[in-house]
Protein chains: 2
Amino acid sequence: MVTINKETPLQDIGGGVVRKILSHAPNLMTVELHFDKGSVGAPHFHPHEQIGYIISGKLEYMENGEKRVLETGDTYYVAPNVVHGVVALEETKLLDIFTPEREDFLR
Amino acid sequence: MVTINKETPLQDIGGGVVRKILSHAPNLMTVELHFDKGSVGAPHFHPHEQIGYIISGKLEYMENGEKRVLETGDTYYVAPNVVHGVVALEETKLLDIFTPEREDFLR
């Protein structure tokens, strides 16, 4: 089953961050995020496992207080309930992937 | 835990297709694929659930005999054991995502 990006609604979640929920099913979800330069994904945690894929741009990824700069094509894996966050060092496009899906995003 | 794309080995899987295994854990795996124009991901199936994200380019996606053209930013979801395949209509970069991980890719 396909999801066409340009037919998918953009959600402004504030602070220079917008997202599109792309293909998802109960066990797997993809979410495309656009960060303006300097915008922040504040540190948080959740029981879902996650991988982030940097589609384009550059960000500082923080996990458990440790920071790494990630660029186009790099990924990060987040185990359940690990505190993580990002700061966009440039305008950045990110694909966030979750298992199971984030039901809270669908309400 | 991060995976740096340029430090990750490229695997030539033949027929104009190369792949990089990026972040993965038992429940979640990301694989970046590069298809030369005209190259093919032959129809196949597996018990893993999958989402494909078109990073750039254009491909024809086939699922259960039905075809759709997908472009940059589009996604497809594949339920367990559903027959699916792709043909690259242009040089295409694809992110394939699996739950659980494809242990066969790690041998």
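Not measured: the values here are computed from a predicted model. (Residues numbered from 1 in each chain as written. Chains lettered and ligands numbered in written order. Predicted model: local features only at pLDDT ≥ 70, side-chain atom pairs only at ≥ 80, totals over all residues. Heavy atoms only, no water.)

Chemist: Help me out: how do you make sense of the relation of the copies chain B and chain A in this one?
Modeler: Note on the chain copies: they are related by a rotation about an axis and a translation along it. Rotating chain B by 180° about the axis while translating it 0.0 Å along that axis superimposes it on chain A, leaving an RMSD of 0.0 Å. On this basis, the relationship between the two copies can be described by a two-fold rotation axis. Interface residue correspondence from chain B to chain A reaches 100%, placing this contact among same-surface, isologous pairings. (Least-squares fit on C-alpha atoms with pLDDT ≥ 70 in both. Contact = heavy atoms within 4.5 Å.)

Chemist: How should the pattern of salt bridges be read in this particular structure?
Modeler: Pairing is possible between side chains of opposite charge, provided their charged atoms come close. All names here are of chain A. Evaluation of the coordinates by the stated rule reveals two salt bridges over all chains. Asp 104 is paired through a salt bridge with Arg 102; the nearest N and O atoms lie 2.7 Å apart. For Arg 102, a relative accessible area of 9% translates into the label buried. (Salt bridge = Lys/Arg side-chain N within 4 Å of Asp/Glu carboxyl O. Buried < 20%, exposed > 50% of the residue type's maximum accessible area, 1.4 Å probe, protein only.)

Chemist: Would you explain the environment of Glu 101 of chain A in this entry?
Modeler: All names here are of chain A. Positionally, Glu 101 belongs in the segment after strand S11 (92-99). The spacing of Glu 101 and Thr 30 is 71 residues in sequence and 8.3 Å in space, taken between C-alpha atoms. Ignoring sequence-local partners within four residues, the contact set of Glu 101 consists of His 24, Ala 25, Pro 26, Asn 27, Leu 28, Met 29, His 48 and Leu 106. For Glu 101, the side chain forms a polar contact with the side chain of His 24, separated by 2.9 Å. (Helix = DSSP H or I, 4+ residues; strand = E, 2+ residues; numbered from the N terminus. Polar contact = N/O pair within 3.5 Å; in protein donor to acceptor, adjacent residues only side chain to side chain.)

Chemist: Explanation requested: the interface of chain B and chain A in the structure shown.
Modeler: The figure often quoted for interface size is the accessible area lost as the parts come together. Opposite the 33 residues of chain B that make contact, chain A presents 33 residues. Taken together, the two surfaces of chain B and chain A that pack against each other cover about 2800 Å², and 62% of this comes from carbon and sulfur. Inspection of the chain B/chain A interface yields zero salt bridges. Where chain B meets chain A, there are 16 residue pairs in polar contact (both at pLDDT 80 or more). Broken down by element, the side of chain B that touches chain A gets its largest block of residues, five residues, from strand S6 (residues 49-56) of chain B. Residues of the side of chain B that touches chain A, tallied by class, amount to 16 nonpolar, eleven polar and six charged. Where strand S1 (residues 2-3) of chain A and strand S9 (residues 75-78) of chain B come together, two bridges link them in antiparallel fashion. Note that in S9 of chain B the partner of Thr 3 of chain A across the bridge is Thr 75 of chain B. (Buried area = accessible area lost by both parts, 1.4 Å probe. Nonpolar A, V, L, I, M, F, W, Y, C, P; charged D, E, K, R; others polar. Pairing = 2+ DSSP bridges.)

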